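Fold and geometry: a report
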Amino acid sequence: MTSADSARSARFLIVGPQGSGKGTQGVLVAAAFDVPQIATGDIFRANVKGGTELGKQVQSIIEAGDLVPDELTSALVADRLAQADAAEGFLLDGYPRNRGQVADLDAFLEPRGEALDAVIELDVPRDESIARLRQRAVEQGRTDDTEEVIANRLAIYERETAPILDVYRARGIVVRIDGVGSLDEVTTRIFESLAARGLAPVHPGAVA
Ligand code: AMP
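Per chain, residues are indexed from 1 in the order of the written sequence. With pLDDT at 70 or above as the cut-off, local features in this predicted model cover only qualifying residues; side-chain atom pairs require 80 or more to be listed or tallied, and sums for whole chains, interfaces and linings still use all residues. Only hydrogens and water are removed before side-chain values are computed, so all heavy atoms of the structure are retained for them.

In this numbering, the UniProt entry assigns the feature "binding site: AMP" (unreviewed entry) to Thr40, Arg45, Asp66, Leu67, Val68, Gly94, Tyr95, Pro96, Arg97, Gln101, Arg142 and Arg153. These annotated residues cover 114 residues of sequence, and their C-alpha atoms sit far apart, with the largest distance between any two at 25.0 Å. Narrowing the list just given to those that line the largest cavity leaves Gly94, Tyr95, Pro96 and Arg97. Mapped onto the elements, arginine 142 comes out in the loop between helix H7 (126-140) and helix H8 (147-170). Should any heavy atoms of two residues lie within 4.5 Å, those residues are counted as being in contact. With sequence-adjacent residues up to four places away left out, arginine 142 is seen in contact with Arg45, Arg136 and Arg153. Secondary structure elements are defined from DSSP: runs of H or I of at least 4 residues count as helices, runs of E of at least 2 residues count as strands, and each element is numbered from the N terminus. Assignment of secondary structure puts arginine 153 in helix H8. For arginine 153, the contacting residues outside a window of four places in its chain are Gln18, Gly65, Leu133, Arg136, Arg142, Asp144 and Asp145. UniProt positions are given in the numbering used here, feature names are shortened, and annotations may be inferred rather than shown by experiment. Note on definitions: the grid is 1 Å and covers protein atoms alone; a cavity is a set of points where a 1.4 Å probe fits but cannot get out; a pocket is an open set with protein on both sides within 12 Å along at least five of seven lines; lining residues have an atom within 4 Å of a point.

Put into structure tokens, the structure is as follows:
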């Protein structure tokens, strides 16, 4: 790989508890770096809404706030990452979500000579996440934003997803961002931290 190639590569993962704002921030990062945002939760919800075979398989799992089996999720992501628009980069949101999925993603990327450039960790305290999810429940009426399901999703985050950060920290690619503050403040922190690692957006004008 030449230095020109590595300068262009923009392979990101954004991780944070539900309600951390990762969806919104992920869209902004993906646009600025001109890479597709790939959010497994969005893909699953679109399939449920469209009544597809996949949607029928995952509906009750999503409504309970549980994790869709790794095999199904990883196959879906591998298909998506193999598409041409993800060849130069992508931003993953909501995948990988446990250590098994980290291994699956490695198994996909390694043979292609690819690797994540940065894992953006949005750090938001539990109380703040819960407050934001309650707000979203009122605004969007998502079926998995009920009190009980919120508690289950946060518990799964803490038990299964937070530990993947240790794996990526050991690789030296975690960029930890204080996720408390206004949307613009957090966006600015993300782009400053990425720039400090030599990861500059191709569309700086898109940055808030
Ligand atoms: P999200 O919008 O990321 O909170 O995802 C909504 C729901 O989709 C989750 O609560 C899970 O049921 C399912 N889901 C999304 N991403 C994954 C994943 N990587 N592994 C398993 N289940 C997932």
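Here the narrative resumes.
Mapped onto the present numbering, the UniProt feature "binding site: ATP" (unreviewed entry) falls at Gly19, Ser20, Gly21, Lys22, Gly23, Thr24, Arg136 and Gly181. The annotated residues named above include Lys22 as those lining the largest cavity. Along the chain, arginine 136 falls in helix H7. Residues contacting arginine 136, with those up to four places away along its chain left out, are Gly141, Arg142, Asp145 and Arg153. Checked against the element boundaries, glycine 181 lands in the loop between strand E5 (174-178) and helix H9 (183-196). Working definition: with a 1.4 Å probe on protein chains only, accessible area under 20% of the residue-type maximum means buried, over 50% means exposed, and in between means partly exposed. Among the residues examined, glycine 181 registers a relative accessible area of 37% and is labelled partly exposed.

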